Amino acid sequence: MLNSDNKSKKARDLSGARELKMKEIHKPSAFEGALWTALGMKDARVIYHAPPGCYISQHMDALMHEYPFELYTTSLSYANVMQGAESQLEEVLRKTLARKPKPKLVVIVTSPVVEITGDDVEGVVEKVGDKNCVVIRPPIGGSLHEGREKALINLISIMDPAVKKLDKTVNFIGPTLDTFNWRADVFELKRMLAAIGIKVNAVLTGGSRVADIINTPRASLNLCIYPYDCGIETAKIMQTEFGIPYLAGHVPIGFKESAAWLVEIADFFKVDAREYLKEETEMIFELIQSFMVLPITFECSAALSLDNNDTYAVGISQFLKKELGMELSMVAVGSAAAGEKVKEVCSNVLVEPTIDEKKEQFIEKGPMMIMGNFYDLKIAKELGFNNFLFADIPTLGYIATEASPFMGFQGARNLIQQTGNQIYINFLIETKGGMDEAISLGEIPWDLDAREAFVKVASMIPHFIKATAMRKLQKKAEEIAVKNGTGITMDIIRTVTEQYTPTRFKSKFLSVLQGGQDGEQPGEFSTELTFTMEWDAPARELMEKIPQEVQAMAVAGTEEFAREKGYKKITAGVVNEFKEEAGMGNK
Amino acid sequence: MLKSYEHCCSSMQALATLGKVEGIIPLLHGPQPCAYQLQIGTMTCRPSRLLTAGTLIKKSEVVFGGEENLKNQLINMYRQYKPKIIVIINTCLPQLIGEDIKGVITEVELELPDLKVTYIDSGFNFPKCMPLGNDVAWVSIVRLLEKQEKVKGSIGLVGRSGQDAGAFTSFDTFLKRAGITVFPFPAPHLSEMEKIARAEIIFPVHVVPYLTCKEMSERFGSRVEYIEIPAGVQGTSNFLRGVADILKNQKLHDLVDQQEQEMRPRIEAIKERFAKKPVKVMFAFGPASEFGLSKIMADFGAEVIMIPSMKNKFAQQEKELQKKRYNVTIIEEDFDTLEDLYDQYRPDAVFCETQGRVELTTRLIPTFCNMTYLTAYGYDFALDMGEKFHESMKLDVLSSWREVVQRYGGDQYA
């Protein structure tokens, strides 16, 4: 126990025990990993030995992304836990075994609460006496991939070492429920292998039946298709126990790596894959010839936020950079090992970044496309980035089928198709003429200071949205000038910048637009000025010192800043803090 | 029961409830899977703020205690966001290891006198009752509100989590047009919610906020009157007339008379359709929305079976009322799966959550998602639901798929 001095000191030292990242995006844990692995087996029944809240959350979350599965629970109450939950588990296990049709396997996954109470789960299984039960106890604090690996390793116990080996067969290790796009990737990789006469014996575990898992040792080769995430430990044990070698050297994403992956397997089985590779090369090269116009012409760039799927981070980054020529402005990964590999193609690698760190990178780098999860999409939309592809979990509201792989040859085609469509179509939609625009507004003269300010504003807008934003600003400025019967003045530029640019960037523009107002006297508040938060008198006075034309922008920017920071009232301190952040402070 | 058919954990409900109110920040005190699942879940059911502060308890804290970490997080949150109130949502794990939450709060409040911190014990404290997470979240707020001078003749309407904040307009316009001062609870901002202390009489509009109303009664000295949920044509009229009787407000009676007169042709048309095409509908474990929806359907003549999610005093009143008025069948016995229950009662349609829908849709049974029917108050909602119900079952679509799987699907679909 700490003495009072130490305790007091520790309470104030917030950098110590845990760095609380206030806008932290929580990641799936070992419990998700174990459950998603167990639930991948279609005719197994999984019992989550847990309070109902844990069960409901896990059940609902997985159901939102996956095809139907059966997950049962012991629904532990506080009283159950206090008195020992073995009898509750026994009752549910017996009921589960009595269901019709009889489950081929029952997998019991323990929850954090049970890991604390240390229930004798194995003892209950032994008492009930059914051989077809596997217990998985994920570690508290363990990662998603640790949970997956643990579950895969535990499933080795039901595999039959005595089954007869089948020639030209492989197992896939790694795809589980809720692995992003696993269904489509497995479908495509199976198709490719079938084309050279190789059959997939079992998938550990997504979409398999229990019999497939039992017969896993029939295969001649194991393939770890998510080598940066999980499966290698399982493959090593299977090599020792069943003599099955494994491959984990290639991530089959992109054309070149998919081909290398296939050739390695073909070489193992002494199969000739050349004819098939020739066909695929011909098909994809036609597409590439067309698509290469796009990255070269538009200098495409992408930010990858894939920190729950390191294999995708490695594979997609290599593909986009090496085969499509796209610049990677940022890649977020979940582990240092993946980060090292990604550094081969991207200098800006973030390992487990916070959402704020990602946001800063999006703003600073202005990628043409972002690939990521639901949270990244939310940020992208808020920041005005329209080009987005889902490529990681969580994916609320996203429907994934067998149709759109990212792995294999079809995956390469799909990535090109989706990337191209996002960038190219949005580019055309955003930057080309409107349906009901005037054919020409005629030539509008610009004041020199307005032109300079416009160019400065342009330089501050992220690369890809720049074209859209500047075109809109110019068009609106011209409309106002025509209406006023004037040229384009600084006032007009201020007005359109205020009204038609994302709020996020306004603090930057403020410095440019304010710069043109040196020497002006403080003005009255604009009659249209709207305060949506509480402002104290000194803060309002500071606003009065700002030129009238940009007061509205300053008020809106300050309020947004205050909301983001969680301030409920705007004081002079808040205004000054905002000015500092906008680069207008005194420091 | 082998499954649980509620929408989410009571901790998630508490998080979603508190996360919707400006001025309050919830702090989730639990392990990583709790934080991940609850963050994802609440993103679907609240104005989705990315901020979900969590303590992410680790194994070492289970062994040595996590109070110090909790204290640090509270101070950190206050420094960054300056909230009026922080509510610690104390999940199963810290409850199990017996952390001294009250002690931490006392220490933090000594250090930060401007901050109010409170806590709730959710999770396995409320097994099988997600809406209780809502109720206890409100209680935690009410505990921190000050007693205020009452406004003569005023009433408070107390509802459920966030979505109710905008849903009262479907019936409270009658109250306002009758000249009654109304204080709603919940409201989007804490400063508006505080005004509930000024209401002379509090009318709960749902079965959920029983503990909340009890706390309000004790803390503010308010009189609490449960009439019934203002859902369905008859339910809405009875609620408004009940308020009119208590306040002796004839104008409110007149407004209800007038509304009923105007709706009569639509109601008769709906009842005629239900008579021609009778339906048996099962409501399974909505987040207490089964209590309101069942009345809407029973009102029009449907045979109703309800599996209630709550057992508090208001729920008991509502169940008795529905049994007597509509002969609703209430199921409170244990069962293993919803599919088993379906086989026993054979309803034409089932209202349930995703888990149940997946189970029943596999058999091409018409299902409705409870979570899309959360604001079932007032006349308009009831009429709209009654008019569209038969088409909404999509029997033609289900029958088309039945034909496909039977014709081409082989033995497995026989």
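Reading guide: rules and limits
Residues numbered from 1 in each chain as written. Chains lettered and ligands numbered in written order. Predicted model: local features only at pLDDT ≥ 70, side-chain atom pairs only at ≥ 80, totals over all residues. Heavy atoms only, no water. 1 Å grid on protein atoms, 1.4 Å probe; cavity = no way out; pocket = protein on both sides within 12 Å on 5 of 7 lines; lining within 4 Å. Points joined across faces, edges and corners; volume = space filled by probe spheres on them. Helix = DSSP H or I, 4+ residues; strand = E, 2+ residues; numbered from the N terminus. Nonpolar A, V, L, I, M, F, W, Y, C, P; charged D, E, K, R; others polar. Buried < 20%, exposed > 50% of the residue type's maximum accessible area, 1.4 Å probe, protein only. Contact = heavy atoms within 4.5 Å. Buried area = accessible area lost by both parts, 1.4 Å probe. Salt bridge = Lys/Arg side-chain N within 4 Å of Asp/Glu carboxyl O. Polar contact = N/O pair within 3.5 Å; in protein donor to acceptor, adjacent residues only side chain to side chain. Pairing = 2+ DSSP bridges. Axes fitted to C-alpha atoms, helices over the stretch in contact; angles between N-to-C directions.

The subject of this paragraph is empty space enclosed by the protein. Across all of its chains, the model carries eight cavities of 30 Å³ or more by this definition. Taken together, 16 residues line the largest cavity, and the ones lying closest to its centre are A:G53, A:C54, A:P112, B:P33 and B:C34. Going through the elements one at a time, α3 (52–63) and α6 (112–117) of chain A together with α2 (32–43) and α5 (92–97) of chain B are the ones with two or more residues in the lining of the largest cavity. Here the lining of the largest cavity is built from residues that sort into eleven nonpolar, five polar and no charged.

The next thing to look at is the side chain of B:T118. All names here are of chain B. Mapping T118 onto the fold places it in strand β4 (residues 116–121). The class of T118 is buried, set by a relative accessible area of 7%. Sequence-distant contacts of T118, defined by excluding residues within four places in its chain, comprise I85, I86, V87, I88, I105, S140 and L144.

Moving on, we come to the interface of chain A and chain B. How large an interface is tends to be reported as the accessible area lost when its parts come together. Taken together, the contact pairs 66 residues of chain A with 67 residues of chain B. The junction of chain A with chain B conceals about 6000 Å² of combined surface from both sides, 64% of it contributed by carbon and sulfur atoms. Between chain A and chain B we count three salt bridges in total. Of the charged contacts, one joins B:D336 and A:K95 as a salt bridge, the two residues approaching to 2.7 Å between their closest N and O atoms. The tally of links between chain A and chain B comes to 13 residue pairs in polar contact (both at pLDDT 80 or more). Top element by residues in the side of chain A that touches chain B is α3(A). It accounts for ten residues.

The next subject is unusual backbone geometry. With the exception of glycine, most residues fall at negative phi, and the peptide bonds are largely trans. The linkage connecting A:K100 with the following residue, A:P101, adopts the cis geometry, with an omega of -5°. Mapped onto the secondary structure, A:P101 falls in the loop between α5 (86–98) and β3 (105–110). Between A:L204 and the following residue, A:T205, the backbone shows a cis peptide bond with an omega angle of 5°. At B:K248, a residue that is not glycine, the phi angle is positive and equals roughly 55°. Relative to the elements of secondary structure, B:K248 occurs in the loop between α11 (233–247) and α12 (250–276). By relative accessible area, B:K248 is classed as exposed at 73%.

Right, let's get into the sheet that holds strand β9 (residues 280–284) of chain B. Residue and element names in this part refer to chain B. Taken together, five strands build an open sheet; the order of strands is β11-β10-β9-β12-β13 and the sheet is parallel. This sheet does not close on itself; its edge strands, each paired only once, are β11 (329–330) and β13 (367–369). The sheet contact formed by strand β10 (residues 303–307) and β11 spans two bridges and is parallel. Each bridged residue has a counterpart across the sheet, and for I305 the counterpart in β11 is T329. The sheet strands contacting helix α16 (residues 354–361) are β12 (349–352) and β13, and the helix crosses β13 at an angle near 160°.

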